[in-house]
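Analysis of the macromolecular model
Take a look at the letters that make up each chain.
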Amino acid sequence: MEGGLPGRLWSWGFGLFFVRKAGYPAAMNQDDMKKAAAQAALEFVPVGGVIGVGTGSTANYFIDYLATIKGRFDGAVASSIATAERLKKHGIPVFDLNEAGSLTVYVDGADETTIHRALIKGGGGALTREKIVAAASRSFVCIADEGKLVDVLGRFPLPIEVIPMARSLVAREIVTLGGEPVLRQGFQTDNGNVILDVHGLKILDPVALEERLNNITGVVTNGLFARRGADILLLGTKQGVRRLP
Ligand code: 5RP
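It should be emphasised that the depicted structure is a prediction, and the values quoted were computed from it without experimental measurement. Residue numbering note: each chain is counted from 1, following its sequence as written. pLDDT decides what is reported in this predicted model: residues at 70 or higher carry local features, side-chain atom pairs at 80 or more are listed and counted, and totals for whole chains, interfaces and linings draw on all residues regardless. The basis for every side-chain value is the complete set of heavy atoms in the structure, and neither hydrogens nor water enter the calculation.

**Here we look at the pairing of strand β9 (residues 158-162)**
- Within β9, five of the five residues are buried, leaving the element largely enclosed by the surrounding structure.
- Summary of the burial criterion: residues with accessible area below 20% of their type's maximum are buried, those above 50% are exposed, and those between are partly exposed, where the area comes from a 1.4 Å probe applied to protein chains only. Numbering of helices and strands runs from the N terminus; a helix is a DSSP stretch of H or I covering at least four residues, while a strand is a stretch of E covering at least two. Of the two faces of β9, both are covered, the one formed by L158, I160 and V162 as well as the one formed by P159 and E161.
- One bridge is not enough; two strands pair if DSSP finds at least two bridges between them. Bridge count between β9 and strand β11 (residues 194-199): five bridges; the pairing is antiparallel. Looking across to β11, one finds that V162 is bridged to V194.
- Where β9 lies against strand β12 (residues 219-222), three bridges are found, and the strand directions are antiparallel. The partner of V162 across the bridge, within β12, is V219.

Given below as structure tokens:
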């Protein structure tokens with residue numbers, strides 16, 4: 001259909017258009033779409049300053065692209081130990097958030113996103129540090145493949161980081177909210193806590209649920225990023241990278 005013409009415009013419903021850049025593969029798989037979104041985020045890395053970097057496979061692609069422009073910015077704050085190690089391996093300076101102060105931009109993936117840029121995150125278990133780094137950043141650029149876009153959040157089990165001794169208490173509270181909590185087996189967060197993955201939620205009001213869950217004693221963070229969702233969403237699609245808004 002597309003014939004691989006560089007720079008050609010493709011429509012994709014609702015009058016939205018994409019530019020297929022030269023070299024954009026004709027047959028994109030999920031990884032290609034993650035890479036395309038990750039590469040597109042480079043344009044949001046300012047000259048100078050410290051940026052925040054997320055966790056997961058899409059964030060890993062971003063880190064690898066970031067290494068190609070590492071002279072442009074001063075360094076990064078990592079949202080996990082794994083991300084800090086990958087950044088350091090590329091020779092990118094890693095700062096403690098307390099020393100770095102306010103960050104220019106935070107770039108991270110997501111497990112689900114709505115068109116309004118409310119997210120579920122935490123599939124990799126790094127949700128608490130991700131939320132902290134996002135909160136410390138002036139702008140949050142979310143990078144994801146098109147498979148992450150949903151009408152209603154909740155098909156992906158919602159991760160909740162919990163203090164270990166409150167695991168059963170929190171699980172019982174979640175059941176009263178209509179969720180089915182499942183302990184993530186053999187997993188400990190970078191903060192020494194456990195994760196409950198909550199199945200069966202249809203999240204029609206993500207802001208309200210985020211606040212409700214945060215009020216359960218023993219919850220450290222939940223994976224809803226709705227009160228502070230992404231400012232910009234870069235969605236890798238088969239047609240090109242779709243930017244919202
Ligand atoms: C980690 C996360 C990730 O951003 C999320 O799980 C998406 O991962 P991937 O980019 O591998 O699909 O929230 O805690």
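Resuming the write-up.
**What about the site of the ligand?**
- Put simply, a residue is near a molecule or strand once any heavy atom of it comes within 4 Å of that molecule or strand. Looking at the ligand, there are 17 residues lining it, with S57, T58, D111, G122 and K148 nearest.
- Here a polar contact means two N or O atoms within 3.5 Å. Within protein one must be a hydrogen donor candidate and the other an acceptor candidate, and residues neighboring in sequence count only if both atoms are side-chain atoms. At 3.1 Å, a side-chain N or O of K34 approaches an oxygen atom of the ligand.
- In this structure, G124 approaches the ligand through a main-chain N or O atom, which is 3.2 Å from an oxygen atom.
- The fraction of the free accessible surface of the ligand (380 Å²) that becomes covered by protein chains is 91%.
- Counted by class, the shell around the ligand contains two nonpolar, nine polar and six charged residues. Accessible surface is estimated by sampling points in the Shrake-Rupley manner with a 1.4 Å probe; for residues, cover comes only from the protein chains shown. Think of it as three bins: nonpolar holds Ala, Val, Leu, Ile, Met, Phe, Trp, Tyr, Cys and Pro, charged holds Asp, Glu, Lys and Arg, and polar takes everything else, Gly as well.

**Comments concerning the side chain of T237**
- Within the fold, T237 resides in the loop between β14 (232-236) and β15 (241-244).
- Since its relative accessible area comes to 0%, T237 is described here as buried.

**What about the packing of aromatic side chains?**
- Centres within 6.5 Å are what make two rings of Phe, Tyr or Trp a pair, Trp counting through its six-membered ring; a difference in plane orientation under 30 degrees is then read as stacked, over 60 as edge-to-face, and the rest as tilted. Taken as a whole and assessed by the stated rule, the structure comprises two aromatic pairs.
- Measuring from centroid to centroid gives 5.1 Å for Y106 and F140, while their planes differ by 55°, and the two rings are tilted. With a gap of 34 residues between them, Y106 in strand β5 (residues 103-108) and F140 in strand β8 (residues 137-145) connect regions that are remote in the sequence.
- Judged by relative accessible area, which is 0%, F140 ranks as buried.
- Between F140 and F225, the aromatic rings sit 6.4 Å apart at their centres with planes inclined by 65°, giving edge-to-face as the arrangement. Linking F140 in strand β8 with F225 in strand β13 (residues 224-225), this pair joins segments that are 85 residues apart in sequence.
- Here a set of aromatic residues connected by ring pairs shows up, and it is made of Y106, F140 and F225.
- Throughout this description, the term charge over a ring refers to an Arg CZ or Lys NZ atom that lies within 6 Å of the ring centre and within 35 degrees of the ring normal. The lysine or arginine in question, R184, covers the ring of F187, its NZ or CZ lying 5.2 Å from the ring centre.

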